[in-house]
Amino acid sequence: MKLQGPAMRLTIFLGESDQWHHRPVYTEIVHRAHRAGLAGASVLRGIEGYGASSHIHTHRLVSLSADLPVAIIIIDTAEKIEAFLPSLDELITEGLVILDPVNVITYV
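Note that this is a predicted model, so its numbers are computed, not measured. (Residues numbered from 1 in each chain as written. Predicted model: local features only at pLDDT ≥ 70, side-chain atom pairs only at ≥ 80, totals over all residues. Heavy atoms only, no water.)

1. Regarding the pairing of strand β7 (residues 69-76)
Item 1. Taken together, the eight bridges between strand β1 (residues 5-15) and β7 define a ladder with antiparallel strand orientation. Within the sheet, the bridge partner assigned to Phe-13 lies in β7 and is Ala-71.
Item 2. Examined bridge by bridge, strand β4 (residues 40-45) and β7 share six bridges and lie antiparallel to one another. Residue Val-43 lies in a different strand from β7, and its bridge partner there is Ile-72. (Pairing = 2+ DSSP bridges. Helix = DSSP H or I, 4+ residues; strand = E, 2+ residues; numbered from the N terminus.)

So, in structure tokens, the structure goes:
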């Protein structure tokens, strides 16, 4: 599938230790996005960050965190992203979801 032109970027920020039925929430989101036929999804692990709690999580040895930030980025058409959003409601109890209009250029 070639995706080019206007699209939507869905970015979900949450904690690495967030769980859904004994597996990471980010794994469940990626698998649901795949089943929904969305164009692509990636999980990026942060090395340092903080969120609503204002507690800084870091990978440094001095203060090794078991809950580093992760970002799940999903790209597809606005219609498909909007249709996917309700599936996040049961998975995300604490986090941030951002929607951005983007222009995509796919190199094959």
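2. Let's talk about the pattern of salt bridges
Item 1. Per the counting criterion, the structure on display carries seven salt bridges.
Item 2. One salt bridge connects Glu-28 with Arg-35, and the closest N-O pair in it is separated by 3.8 Å.
Item 3. A relative accessible area of 10% places Glu-28 in the buried class.
Item 4. Each of Arg-23, Glu-28, Arg-32, Arg-35 and Glu-90 takes part in a single network of salt bridges with overlapping partners. (Salt bridge = Lys/Arg side-chain N within 4 Å of Asp/Glu carboxyl O. Buried < 20%, exposed > 50% of the residue type's maximum accessible area, 1.4 Å probe, protein only.)

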